[in-house]
Amino acid sequence: MSYPEHLEYPKPRYLGDRGEVNAVFRPAATPPDIAPPGGGATHYLATNESTGGEFGLYKVDLGARAAGAKTHFHRAMSESFYVLSGELELFNGEKWVTGREGDFLYVPVGGLHAFRNVTDEPMSMLLLFSPGAPREEYFERVAEVSRRGGEELKRFRVRHDSYFTEDFGPGAR
């Protein structure tokens, strides 16, 4: 394979000449940041804050038959799914596909997508948001705000760059 003589890399952001000690290690045994009573867990591997807004990376464990998220899109960030274990139904904007260990789905900004666990087994995945966004409040409060529903839920979703088709499609209030 040949490569062009001139490659386009992003502009340098570190201008030092010796490098720095600034890596962050998170042991696998770190407890989840969210562990709801009904099962599942969310691990904040790299947040908007910890990456300076570059990206957000989360490990999400869904229990059997977990609803996931209905069809929605984001205006400010892409979202990627990487299945670590189990199976996950992923809506790619056109159809549902089954993601299994090692499968990956990239959803560009504005792309319709959804996900759910329709099996009787738990599953685990990595979620990557780029650029980073403060998703932690969304993960921590979405179940509580969803129970209340209505306009409060719609405002909460929009505040977190999550535009659900059920909020804006035919019959939406």
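Residues numbered from 1 in each chain as written. Predicted model: local features only at pLDDT ≥ 70, side-chain atom pairs only at ≥ 80, totals over all residues. Heavy atoms only, no water.

Student: Tell me what's going on with the nonpolar core, and back it up with residues and numbers.
Tutor: With 26 residues, the main nonpolar core has Leu-62, Phe-81, Leu-88, Phe-115, Met-125, Leu-127 and Phe-139 as its most contacted residues. Of all the elements in the fold, those that place two or more residues in this core are β2 (56-62), β4 (78-85), β5 (87-91), β7 (104-107), β9 (123-130), α1 (136-148) and α2 (150-159). Sorting elements by how many residues they give to this core places β9 first, with four residues. Sequence-distant contacts of Leu-62, defined by excluding residues within four places in its chain, comprise Leu-88, Phe-115, Asn-117, Pro-122, Met-123 and Met-125. (Core = buried A, V, L, I, M, F, W, Y, C linked by side-chain atoms within 4.5 Å. Buried < 20%, exposed > 50% of the residue type's maximum accessible area, 1.4 Å probe, protein only. Helix = DSSP H or I, 4+ residues; strand = E, 2+ residues; numbered from the N terminus. Contact = heavy atoms within 4.5 Å.)

Student: How would you summarise the layout of surface pockets if you had to cite specific residues and measurements?
Tutor: Space inside the largest pocket adds up to approximately 1100 Å³. Lining the largest pocket are 41 residues, and of these Leu-62, Gly-68, Ala-69, Val-142 and Ala-143 lie nearest its centre. Breaking the lining of the largest pocket down by element, the ones donating at least two residues are β1 (41-46), β2, β3 (69-73), β8 (113-116), β9, α1 and α2. The greatest single-element share of the lining of the largest pocket, amounting to eight residues, is contributed by α1. Looking at the lining of the largest pocket, its residues break down into 20 nonpolar, ten polar and eleven charged. (1 Å grid on protein atoms, 1.4 Å probe; cavity = no way out; pocket = protein on both sides within 12 Å on 5 of 7 lines; lining within 4 Å. Points joined across faces, edges and corners; volume = space filled by probe spheres on them. Nonpolar A, V, L, I, M, F, W, Y, C, P; charged D, E, K, R; others polar.)

Student: Requested: an account of unusual backbone geometry, with residues and values cited.
Tutor: Residue Ser-130 is joined to Pro-131 through a cis peptide bond whose omega torsion reads -5 degrees. Looking at where Pro-131 falls in the secondary structure, it is placed in the loop between β9 and α1. The phi torsion at Arg-65 lies on the positive side, around 60 degrees, for a residue other than glycine. Here Arg-65 lies in the loop between β2 and β3. Since its relative accessible area comes to 53%, Arg-65 is described here as exposed. The phi dihedral of Asp-161 is positive, around 55 degrees, even though this residue is not glycine. Along the polypeptide, Asp-161 turns up in the loop between α2 and β10 (163-164). A relative accessible area of 11% means that Asp-161 is categorised as buried.

Student: Let's hear about the sheet that holds β5: which residues, and what values?
Tutor: Read from one edge of the open sheet, five strands run β6-β5-β8-β3-β10, paired in antiparallel fashion. Where the open sheet ends on each side, the last strands, each with one partner, are β6 (96-100) and β10. The sheet contact formed by β5 and β8 spans three bridges and is antiparallel. The partner of Glu-89 across the bridge, within β8, is Arg-116. (Pairing = 2+ DSSP bridges.)

Student: Requested: an account of the pairing of β9, with residues and values cited.
Tutor: One ladder, built from seven bridges, connects β2 with β9; its direction is antiparallel. Counterpart to Leu-57 in the pairing with β9 is Leu-128. Taken together, the seven bridges between β4 and β9 define a ladder with antiparallel strand orientation. Bridging from a neighbouring strand, Ser-78 pairs with Ser-130 of β9.

Read these as spatial facts, not as claims about activity.
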